[in-house]
Each structure stands twice: as structure tokens, then as C-alpha cells.
Amino acid sequence: MKIGYIGLGKMGLGMVKLLLEKGHEVVATDPNVDAMNEAREAGAEVVSNLEDLYAALPNEKFIWLMVPHNIVDTVLSNLSPLLKSGDVVMDGGNSNFKETVRRGAALAEKGIDFMDVGTSGGPAGARNGACMMIGGARAQFDKYEQLFKDLSIENGYAYMGATGAGHFVKMVHNGIEYGMMQAIGEGMEILQKSNFNLDLKEVSRIYNTGSVIESRLVGWLGKAYDEEGVNLDAISGEVSHSGEGLWTVEEAKAAGIPVPVIEGSLQFREDSQGNPSYTGQVVSALRNQFGGHSVKKS
């Protein structure tokens, strides 16, 4: 199919390339000229504005947004005057699910279906096949299922529910991710400071070879050790957070659900500012490995 694609960042550009390889046609736009040129070289049709993007699409218009959550409203305010009843807009960024529900309701008044997809797997997943948690009208999911299948790792996509459900499930995913990364970081610092002079690279290897905690995260830690050395000297121990861990904690509090592990991992990230540690270096290194986040010491 032919789709419009807005946003060619570290996730969007890889996804566009994958779409093209799967035989889809893409009309793309982004403020970054270099990203536009790279998309053009990959085979996409690139345009400089939303009007040209909309006009280049067939009558059945499907437009994918892959922009930071804090500019989704700006993009939609510019795009909405162009949209017509029957058009479909998908938000693939890490938006707050409550905002997604609000946007979906506003667009539904114009007869426009607003869908959302929580995407996990980082830039590598976007390029080679991600894990996708999809919200929106079930009929639209069924209609465009081949598109989601082509963008996902094998069996790596599923329908979650009404508009907002995809972002809600991804939000909780990220909260869980915070806790898992925190546990790995804390455990590795205990090992590092023991009296046994342990080879942490070897420890990470054996943890990831048939143990109960074998995982992609532990595998990424081993990769970070290969690239940076086990002391992680160049990696900052001050850990940033993207917002979804905070949203998860807020939603849990509103529902009266205690989440001490997720809340503690969020608090650790906030407290790490000006108070770096080896635990923080491990968590930062993991964020860099799967998400491409900048984590070098300043």
C-alpha cells in the first residue's frame, strides 16, 4: 500500500526503509534535510510539507506519525484541516495514552480514525522488525494488518483494544522495563564491589546462557561490556527517563495499586542526577544499547 509518513528520526527512518523493502510505497516528510535525503535514496517519495504529502496519497489515506509526544498536537493541528472522513492517522510515538484517547475523540468527530501503536525494540527493531501493541478500531486493525505484520518481528504484533490501548500497554511495558533494568544494575554493582575480583563480562555471559534471568537486556549488557569495558568509564551514571515510567507510576497511584519496584526505579533515576553510581552506569549503558540514547559522560 501507499502510506504517508511524518517523522524520520532514529525510529522513523528505519521503519520507512523496512516498509520500502516490504514493497510498500512511502511519502515522507521531516524537517531534517539529511534524513529526507536518506529516505529518498532508500526509495521513498519525500515532500517538504503536509499539503504535498496529503495530495500524494491515494483516496484511501493512511498517515503514520513518528514524532516526539510533545509535538503530536502541533502536527495534528497542521494536518487536521487537510483530513477528510474515512482517513486513518496512526501515532507510533510514545504518547501518553490519555492524550491519545483525547485526540482520538476529537478526530472521530470529523469521521477520522485515530490509531496508536506502542513500538518496542528500539532503532534496531524499527529497522528489522519491532514488537507492536496496536490500539484503535478493530475494523481498521483488520484492514491494515498486513502493514503491521510487515513492520514487526515474526508474531510481534497484536491488537490491544480501542484507541489509546496500544499506548497504555506500551506505557506499562516501559514501567516494567525500568524495574528490570534497575535490578540488573543493582546486581552488577553488588558483584563489582565484592571481594572476589569477578570478571563481570564473564558473569554477564553466564547469566545469559540458560539461566533464569537470561534476556535481551542481559545480552545487551554483555555487548556494552564488549564496547565500553566492564568499568563503563565513558558511560554516565546519571540516568535520564523518557516519561513513561512516571506515567506508569501516576496511573498506578490513581488506581490504588502499589508499584514499589517501578516507583523505586523511577526515583533512582531522578536521584541519580548529581549522584552517579555504577548501577546508574549499567542502566545508562542498557538505554544506549537498545534505544540509542546518548549516555556518554559530558
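Please refer to the structure placed before this passage.
Residue numbers here run from 1 along each chain, matching the order of that chain's written sequence. Only residues with pLDDT of at least 70 are given local features in this predicted model, and only at 80 or more are side-chain atom pairs given and counted; all residues enter the totals for whole chains, interfaces and linings. Side-chain metrics in this entry use all non-hydrogen atoms of the structure; hydrogen atoms and water are not considered.

Asker: Where do I start with the layout of surface pockets in this structure?
Answerer: Sizing a probe to match a water molecule and rolling it over the atoms shows the empty space that remains. Put plainly, a pocket is an open set of points on a 1 Å grid over the protein atoms alone with protein on both sides within 12 Å along at least five of seven lines, a cavity is a set where a 1.4 Å probe fits but cannot get out, and a lining residue has an atom within 4 Å of a point. Grid points are joined across faces, edges and corners, and a volume is the space filled by probe spheres set on the points. Within this model, the second largest pocket holds a volume of roughly 170 Å³. As for the second largest pocket, its lining consists of 14 residues, of which Ser236, Gly237, Glu238, Val295 and Lys296 are closest to the centre.

Asker: Hey, could you run me through unusual backbone geometry in this one?
Answerer: Leave glycine aside and you will find that most residues have negative phi; peptide bonds, for their part, are mostly trans. At Asn155, a residue that is not glycine, the phi angle is positive and equals roughly 60°. Numbered from the N terminus, helices here are DSSP runs of H or I no shorter than four residues, and strands are runs of E no shorter than two. The residue Asn155 is located in strand β8 (residues 152-161) in this model. Positive phi, close to 50°, is recorded for Leu232, a residue that is not glycine. Locating Leu232 in the fold gives a position in the loop between α11 (216-228) and α12 (244-255).

Asker: What should I look at first to understand the pattern of salt bridges in this one?
Answerer: Once the charged atoms of two side chains with opposite charge are near each other, the side chains can pair. Throughout this description, the term salt bridge denotes a Lys or Arg side-chain nitrogen within 4 Å of a carboxyl oxygen of Asp or Glu. Under the counting rule described, the total for this entry stands at 16 salt bridges. Linking Arg102 and Asp73 is a salt bridge whose minimum nitrogen-to-oxygen distance equals 2.8 Å. Of this pair, Arg102 sits in helix α5 (residues 97-108) while Asp73 sits in helix α4 (residues 72-79), and the two are 29 residues apart along the sequence. Note that Lys296 is salt-bridged to Glu228, the shortest N-O span being 2.6 Å. With Lys296 in the segment after α14 (278-291) and Glu228 in helix α11, this pair connects stretches of sequence that are 68 residues apart. Classification of Lys296 as partly exposed rests on a relative accessible area of 47%. When salt bridges with common partners are traced through the structure, they connect Asp73, Glu99, Arg102 and Arg103 into a single cluster. For every residue, the accessible area (1.4 Å probe, protein chains only) is compared with the maximum for its type, and the residue is labelled buried under 20%, exposed over 50%, or partly exposed between those bounds.

Asker: Please explain the side chain of Lys17 as it appears in this structure.
Answerer: Relative to the assigned elements, Lys17 resides in helix α1 (residues 12-21). Ignoring sequence-local partners within four residues, the contact set of Lys17 consists of Glu38, Ala42 and Arg127. For this analysis, residues touch if any pair of their heavy atoms sits within 4.5 Å.

Asker: Would you explain the side chain of Thr100 in this entry?
Answerer: Tracing the backbone shows Thr100 in helix α5. For Thr100, a relative accessible area of 0% translates into the label buried.

Asker: I tried to follow the pairing of strand β2 (residues 25-29) on my own but got confused; where do I start?
Answerer: On a regular strand, one side chain projects to one face of the sheet and the next to the other, so that they alternate. Summarising burial for β2: four of the five residues are buried, a large majority. Pairing geometry for strand β1 (residues 2-6) and β2, over five bridges, is parallel. If you follow Lys2 over to β2, its bridge partner there is Glu25. Classification remark: right-handed applies to a crossover when, strands pointing away from the viewer, the course from the first strand over the helix to the second runs clockwise. Crossover β1 to β2 through α1 is right-handed. Direction of pairing for β2 relative to strand β3 (residues 45-46): parallel, over a ladder of two bridges. For Val27, the partnering residue across the bridge sits in β3 and is Glu45. Note that the unit made of β2, helix α2 (residues 33-42) and β3 has a crossover that is right-handed. Strand pairing is assigned whenever DSSP identifies at least 2 bridges connecting the two strands.

Asker: So what exactly am I meant to see when it comes to the sheet that holds strand β7 (residues 130-135) here?
Answerer: Strands belonging to one sheet form pairs held by backbone hydrogen bonds; the direction of such a pair is parallel or antiparallel. The eight strands lie next to each other as β3-β2-β1-β4-β5-β6-β7-β8, forming an open sheet whose pairing is mixed. Sheet topology places β3 and β8 at the edges, where each strand pairs with a single neighbour. Strands in contact with α5 are β5 (88-91) and β6 (113-120); relative to β6, the strand with the most contacts, it is inclined by about 155°. Each of β5, β6, β7 and β8 is contacted by helix α9 (residues 165-192), which is oriented at about 20° to β6, the strand it contacts most. For helices, the axis comes from a line fit to the C-alpha atoms of the stretch in contact; other axes are also lines fit to C-alpha atoms, and the angle between any two N-to-C directions lies between 0 and 180 degrees.

Asker: Looking at this model, I keep getting lost on the environment of Tyr207. Mind explaining?
Answerer: One can find Tyr207 in helix α10 (residues 200-207). The partly exposed category is assigned to Tyr207, whose relative accessible area is 29%. Between the C-alpha atoms of Tyr207 and Gly222, which are 15 residues apart in sequence, the distance is 9.7 Å. Those residues within four positions of Tyr207 in sequence are excluded, and the remaining contacts are Met188, Leu191, Ile213, Glu214 and Val218.

Asker: For this particular structure, what's the right way to read the nonpolar core?
Answerer: Nonpolar side chains in soluble globular proteins tend to be buried together. Grouped together as the largest cluster of nonpolar side chains are 34 residues, with contacts concentrated most on Tyr5, Leu8, Phe62, Trp64, Met132, Ile134 and Phe148. Here this core takes six residues from α1, the largest share from any one element. Ignoring sequence-local partners within four residues, the contact set of Phe62 consists of Met1, Ile3, Gly4, Leu57, Val88, Met90, Tyr144, Leu147 and Phe148. Side-chain atoms within 4.5 Å are what join buried Ala, Val, Leu, Ile, Met, Phe, Trp, Tyr and Cys residues into a set we call a nonpolar core. With 23 residues, the next largest nonpolar core counts Met181, Tyr278, Leu286 and Val295 among its residues.

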